[in-house]
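Each chain is listed here by its residues.
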Amino acid sequence: MPFHIISGDITRQICDAIVNPTDAAYSGGGGADRAIHRAAGPKLHEVCDKLPALSWGQSALTKGYDLPAKWVIHTAGPVWVDGKHDERLILSNCYQSALRIAAENDFQSVAFPLIAAGTCGFPKEEALSIAVDEIRRFLQRHEMEITLVVYDRKLYRIDPQTASGVDRFLNERFSIGMRPQAKNNCEEHEDAFANNLPTAREDARTKAAKLPRPFHRPSPPPMPTASYSQAPAASLADQLRAMDESFSDAVLRLVDERGMTDAQCYKRANISKQVFSKLRSNNHYKPSKSTALALAVALELDLEGTRSLLNKAGMSLSHSLMMDVIVEYFIRQHQFDVMVINETLYQYDQPLLGAK
């Protein structure tokens, strides 16, 4: 199942489990930790008081009580000191241990906050990078819907080099034909002509009077009726049989050409197994724009191939849509990691690639 990034409140997520970044004593003192304890009610605090202390990076499971989520996975996240006290390793372990508990309990959906990026002071770009890397590795081996819930967009920052490249590309694409320009020479000549319009018309009439009158040929006689019989138009059935391959057929052909399995394709596209099953079983499957683009990325199509695949779904790659321009940037860079693309799309408040 796919990975999503959304803005929202972790305590309001309806899923099997939410992850609570806490400390060794489940104190409920941090931002998300405090909010989760408050929303879950006093029973959660009573249960946590009886649990053994957590080691850094370790996780434990409790019920969700008054939360919409059925369960809470508590994980002891790191406090950033200077990067030399195993902070990165501890954060990786937080995601690994929490996801291990989710898998052992057959959870189908889990929501994470961006662990340690708030009051714990972990550098935001690194916190995001570690979260995405660990979730990516987990989803390569498991089927689960995982959501990263970002409470404050200020906590969410993509790699500065990627952001800089995308900014330049967006500026180039959206500035073409949109900047106000000074009046050019042609416009100045048009203004001069407009100011002297009566004189210009008189000159034109004088010149026209001096031209020789045209010779008018008589109209030709009507053509005789053709003696041959016109070929009958192709029937609707014949025209339908001559149609181009469908979107589904094109995707499945490309999957075979690249020697990919269905699972490899839908995982790389960040879509669920159920969605890909619809595509395989229904020749007339109509994807959303985000699903079509996600499959183009998963299949590592170039721009021409992407436009061709979108066309089979009745869509196009438009320079009027920021989502399309951002995806085009990554295709031109030969970067086909849908998670990195989605991180950037989220940063620019655009729809993410993939589908449930």
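Residues numbered from 1 in each chain as written. Predicted model: local features only at pLDDT ≥ 70, side-chain atom pairs only at ≥ 80, totals over all residues. Heavy atoms only, no water.

## Some points on the pairing of strand β6 (residues 145–150)
- The buried count for β6 comes to six of six residues, which makes it a mostly enclosed element.
- Pairing analysis gives five bridges linking strand β5 (residues 109–113) to β6, with the strands arranged parallel. Across the sheet, Val-110 pairs through a bridge with Ile-146, a residue of β6.
- This β-α-β element, β5 to helix α4 (residues 124–139) to β6, shows right-handed connectivity. (Buried < 20%, exposed > 50% of the residue type's maximum accessible area, 1.4 Å probe, protein only. Helix = DSSP H or I, 4+ residues; strand = E, 2+ residues; numbered from the N terminus. Pairing = 2+ DSSP bridges. Right-handed = clockwise from strand over helix to strand, strands pointing away.)

## Remarks on the sheet that holds β6
- Spatially, six strands are ordered β1-β6-β5-β2-β4-β3 in an open sheet, and the strand pairing comes out mixed. Taken across any chain shown, the strands that pair with only one partner, and hence form the sheet edges, are β1 (3–7) and β3 (59–63). Direction aside, the axes of adjacent strands within the sheet are offset by 25° on average.
- Bridging between β3 and strand β4 (residues 71–76) involves five bridges; their strand directions are antiparallel. (Axes fitted to C-alpha atoms, helices over the stretch in contact; angles between N-to-C directions.)

## Side note on the environment of Ile-73
- The topology assignment puts Ile-73 in strand β4.
- Distance from Ile-73 to Leu-99, taken between C-alpha atoms, is 9.0 Å for residues 26 residues apart in sequence.
- Aside from chain neighbours lying at most four places away, what touches Ile-73 is Ala-17, Ile-18, Val-19, Asn-20, Ser-59, Ala-60, Leu-61, Ala-98, Ile-101, Ala-102 and Phe-107. (Contact = heavy atoms within 4.5 Å.)

## Some points on the layout of surface pockets
- Space inside the largest pocket adds up to approximately 590 Å³.
- Taken together, 29 residues line the largest pocket, and the ones lying closest to its centre are Pro-21, Gly-30, Gly-31, Ala-32 and Asp-33.
- Those elements that provide at least two residues to the lining of the largest pocket are β2 (17–22), α1 (31–40) and β6.
- Sort the elements by how many residues they give to the lining of the largest pocket and α1 lands first, with four residues. (1 Å grid on protein atoms, 1.4 Å probe; cavity = no way out; pocket = protein on both sides within 12 Å on 5 of 7 lines; lining within 4 Å. Points joined across faces, edges and corners; volume = space filled by probe spheres on them.)

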